[in-house]
Amino acid sequence: MSHTFSLSRVARLVGVPRSTLQRMVKEGRLTAQNGEVEMEELLRVFPDVKWEDDGEYARVEEIKKKAFAKRIFERALPDKEVLADRLFDLTHEYATAKGLLAHYEQLFEWVMHKLDDVAEAGGAPAAQAVADCKLWLRQQLAAAPREAERARGLLAEERAMRIVSVQVKVLPSGHEFFVEGSDTILEAALRAGIPLNYGCSNGNCGECRARLVAGEVKKVHPHDYVLKEADKAQGAFLMCSYTAVSDIVIEAAVAGAQDIPHQVIATRVKAVELLDERLAALHLTTPRSQRLRFLAGQRVRLKADGVEGEYYLASCPCEDRHLELHVRRDNRPFARRVFDGLRKEDPVTVEGPEGSLVINLDSRRPVIFVAWDDGFAPIKSLVQHAMSLELAEHMHLYWVAADLGHYQDNLCRSWADALDNFTYVPLWVDGGAPEVAARILDDHPDLSHTDLYAAGPAQFLQHLRDGAMARGLSPRGWHAEVLA
Ligand code: FES
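Nothing here was measured: the structure is a model prediction, and the numbers come from that model.

### What about the overall build of the chain?
- Of the regular secondary structure elements, the chain holds 13 helices and 20 strands.
- The C-alpha extent of the chain, read off along each of the three principal axes, is 105 × 55 × 35 Å.
- Counting over 484 residues, the chain shows a buried share of 50%.
- Contacts spanning at least 24 positions in sequence make up 71% of the contacts within the chain whose residues lie at least 6 apart.
- For the chain, the accessible area works out to roughly 23,300 Å², and carbon and sulfur atoms hold 52% of it.
- Taking the average location of the 59 positive side-chain charges in the chain and that of its 72 negative ones, the two points are 3 Å from each other.

### What to know about the packing of aromatic side chains
- Under the counting rule described, the total for this entry stands at eight aromatic pairs.
- Consider the rings of W372 and F460, whose centres lie 4.7 Å apart with planes at 45 degrees: the pair is tilted. Pair noted here: W372 is in strand β16 (residues 367-372) and F460 is in helix α13 (residues 458-470), with a separation of 88 residues, a long-range link. In this pair, the class of W372 matches that of F460, namely buried.
- Look at F376 and Y407: their rings are 5.9 Å apart centre to centre, the planes differ by 85 degrees, and that puts the pair in the edge-to-face class. Highlighted residues: F376 in helix α10 (residues 376-389) and Y407 in the loop between β17 (395-401) and α11 (409-418), separated in sequence by 31 residues.
- The buried category is assigned to F376, whose relative accessible area is 0%.
- The buried category is assigned to Y407, whose relative accessible area is 10%.
- Connected via pairs of aromatic rings, a cluster forms that spans F376, W399 and Y407.
- The aromatic ring of F178 is capped on one face by R12, whose charged end is 3.9 Å from the ring centroid.

### Observations regarding a nonpolar patch on the surface
- Where nonpolar side chains cluster on the molecular surface, the patch consists of L100, Y104, L107, W110 and V111 and spans about 490 Å² of accessible area.
- Its location among the elements puts W110 in helix α5 (residues 80-142).

### Things to note about the pairing of strand β4 (residues 176-180)
- In terms of burial, β4 is a largely internal element, five of the five residues being buried.
- Examined bridge by bridge, strand β3 (residues 165-171) and β4 share five bridges and lie antiparallel to one another. Each bridged residue has a counterpart across the sheet, and for V168 the counterpart in β4 is F177.
- The hairpin formed by β3 and β4 contains four residues between the paired strands, and G174 there has a positive phi angle of roughly 85 degrees.

### A word on the packing of helix α12 (residues 433-442) against α13
- Where α12 contacts α13, the two axes come as close as 9 Å, and the packing angle between them is 35 degrees. The element α12 and its partner α13 pack so that their crossing is right-handed. Facing α12, whose interface residues are A433, P434, V436, A437, I440 and L441, α13 presents Q459, F460, H463, L464, G467 and A468.
- Classifying every residue of the contact of α12 with α13 by side-chain character gives nine nonpolar, three polar and no charged.

### Some remarks on the state of the cysteines
- Tallied over the entire structure, the rule returns one disulfide.
- Covalently, C316 is tied to C318 through a disulfide, its sulfur atoms 2.3 Å apart. One quick way to see it: the torsion about the S-S bond of C316 and C318 is about 120 degrees, and its sign makes the bridge right-handed.
- When its relative accessible area of 1% is taken as the criterion, C316 is described as buried.
- C318 sits in the buried class, given a relative accessible area of 0%.

### A few points about the environment of N421
- Mapping N421 onto the fold places it in the loop between α11 and β18 (422-428).
- Since its relative accessible area comes to 3%, N421 is described here as buried.
- Other than its neighbours up to four places away in sequence, N421 contacts S19, R23, A392, E393, H394 and M395.

### As for the sheet that holds strand β11 (residues 279-285)
- Read across the open sheet, the six strands follow the order β13-β12-β15-β10-β11-β14; overall the sheet is antiparallel. Looking along the sheet, the strands with just one partner apiece sit at the ends: β13 (307-312) and β14 (322-328). Within the sheet, the average angular offset between the axes of one strand and its neighbour, ignoring direction, is 35 degrees.
- Sitting on the sheet, α10 is in contact with β13 and β14, with an inclination near 155 degrees to β14.

### A look at helix α1 (residues 7-14)
- Counting buried positions along α1 gives eight out of eight residues, so the element sits mostly inside the fold.
- All buried positions along α1 are accounted for by L7, S8, R9, V10, A11, R12, L13 and V14.

### Section: the pattern of salt bridges
- Taken as a whole, this structure holds 29 salt bridges when the rule is applied.
- Measuring nitrogen to oxygen at the nearest pair gives 3.0 Å for the salt bridge that ties R9 to D247. Here D247 lies in the loop between β8 (242-244) and β9 (248-251) and R9 lies in helix α1, a separation of 238 residues in the sequence.
- Its relative accessible area of 26% is what places D247 among the partly exposed residues.
- The partner of R29 in a salt bridge is E27, with the nearest N and O atoms 2.7 Å apart.
- The exposure class assigned to R29 is partly exposed, which follows from its relative accessible area of 43%.
- Each of R328, D373, D374 and D403 takes part in a single network of salt bridges with overlapping partners.

### Some points on the nonpolar core
- Of all hydrophobic cores here, the largest spans 66 residues; its most connected members are F177, I185, M239, I250, F369 and L397.
- Per-element accounting of this core gives the leading share, eight residues, to α10.
- Formed by 22 residues, the second largest nonpolar core is a distinct cluster that contains A304, L313, L342 and V350.

### Focus: the sheet that holds β4
- Strands sit in the order β4-β3-β9-β5-β7 across an open sheet of five strands; the sheet is mixed. If you trace the sheet from one side to the other, it starts and ends with β4 and β7 (236-238), each paired once. When strand polarity is set aside, the average angle formed by the axes of neighbouring strands in this sheet is 40 degrees.
- Strand direction decides the pairing type here: strand β5 (residues 209-214) and β7, joined by three bridges, are antiparallel. Bridging from a neighbouring strand, R209 pairs with L238 of β7.

Rules used in this analysis
Residues numbered from 1 in each chain as written. Predicted model: local features only at pLDDT ≥ 70, side-chain atom pairs only at ≥ 80, totals over all residues. Heavy atoms only, no water. Helix = DSSP H or I, 4+ residues; strand = E, 2+ residues; numbered from the N terminus. Buried < 20%, exposed > 50% of the residue type's maximum accessible area, 1.4 Å probe, protein only. Contact = heavy atoms within 4.5 Å. Areas by Shrake-Rupley, 256 points an atom, 1.4 Å probe, with all protein chains shown as cover. Lys, Arg positive; Asp, Glu negative; His and termini not counted. Charge placed at Lys NZ, Arg CZ, Asp CG, Glu CD. Phe/Tyr/Trp six-rings, centres within 6.5 Å; stacked < 30°, edge-to-face > 60°. Lys NZ or Arg CZ within 6 Å of the ring centre and 35° of its normal. Patch = residues over 30% accessible without salt bridge, like charges linked within 9 Å, V, L, I, M, F, W, Y side chains within 5 Å. Salt bridge = Lys/Arg side-chain N within 4 Å of Asp/Glu carboxyl O. Pairing = 2+ DSSP bridges. Axes fitted to C-alpha atoms, helices over the stretch in contact; angles between N-to-C directions. Left-handed = near helix turned anticlockwise from the far one by under 90°. Nonpolar A, V, L, I, M, F, W, Y, C, P; charged D, E, K, R; others polar. Disulfide = S-S within 2.5 Å. Core = buried A, V, L, I, M, F, W, Y, C linked by side-chain atoms within 4.5 Å.

Below you can see the structure in the form of structure tokens.
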């Protein structure tokens, strides 16, 4: 039986983003059945890949690392018991393959003897035919074909990968992610930007309960929450306490905006970064034991020294304990506090999140992001989340500068340079809101299979929405946040 690889695994093996592979499948350049690619197909479509070369995948990872500047990328080995289990599985697989090989060798020798019997019974013409046949068989066995060598390299790379990272497929949503290092399944999902449902994250509430459908998991943290024996027998486990030993399939709930509880978290200032004289990026760190649950595109209320203000999160939910917010220099009390000397380690209370401008996790359609001035904050969060999920076939980013400039222009350009499915167009308000909306829509005559996310003033959004609907955008594809 042929060996198959999931699209996520292929992306890592050949070093291209998963979204590129999905596009190739759609265009008929790569054949996949139920998201699985056969080894022969992989070798056919990528004849020149060197399996030890990370190629574009490494390039994309690097740009993500830069984009998520404060994110800590852990590449640690798994817990030693998990590592032992994975090595045991590998040893078992190796022993099985060796056993099969021995069996085939015996079979081969048996065929050779049988051929000798045929030669003996058939006289001179049969003896010559059998001799030719045996010679050909031995020559074929002696000369390892190039394909076999390439297949061997591919399998070796894949097996080595499975030691340090295993794949999780989530049902019914179909999301896939990898568990690396010593992460629990919940930690790995959140790093990948997949908002699986959870509560306390330390084994007390039971809200991260999932069901194991296939594969093997292992408890790596104790939990006080008691699972019923009947549920355990059905495969129930807590994602915050377990890691994956092998590739697994689980049933787990993905949280929407309505599932995220209101939280109050005492954070500390990590840095106040002046992006220009009118805008600062406020970087906050949550406590080790308490990360903020939010979805990209949402906003929070910030409080410091008795003043408060509401701001959009510009960071990706996948960035562990790091939060970034863009604060415009104006007369609002919290803005004055930021620009008048908020310092590293100062306490800031974060309350929230609020807002429903969030990614449609079920959509695989091309996406257009439109930001107006510092409406770039929620859009930046959404772009990074979309990049992390690798869902969209293509992403277009339009950033309209009105009062403020394109204050993180280099970052947007680096995304466009790194990803072949990402385009970035910076725009200025020259004529007015209707003209800018028209300029954006001119690039997209048919929006019937597109999602559009926009953050800006009401009048601009109204022009954009009307024009987009006239080009076939469905009401379900329109996601917008009106900025004051
Ligand atoms: S999140 Fe509470 S038990 Fe896992």
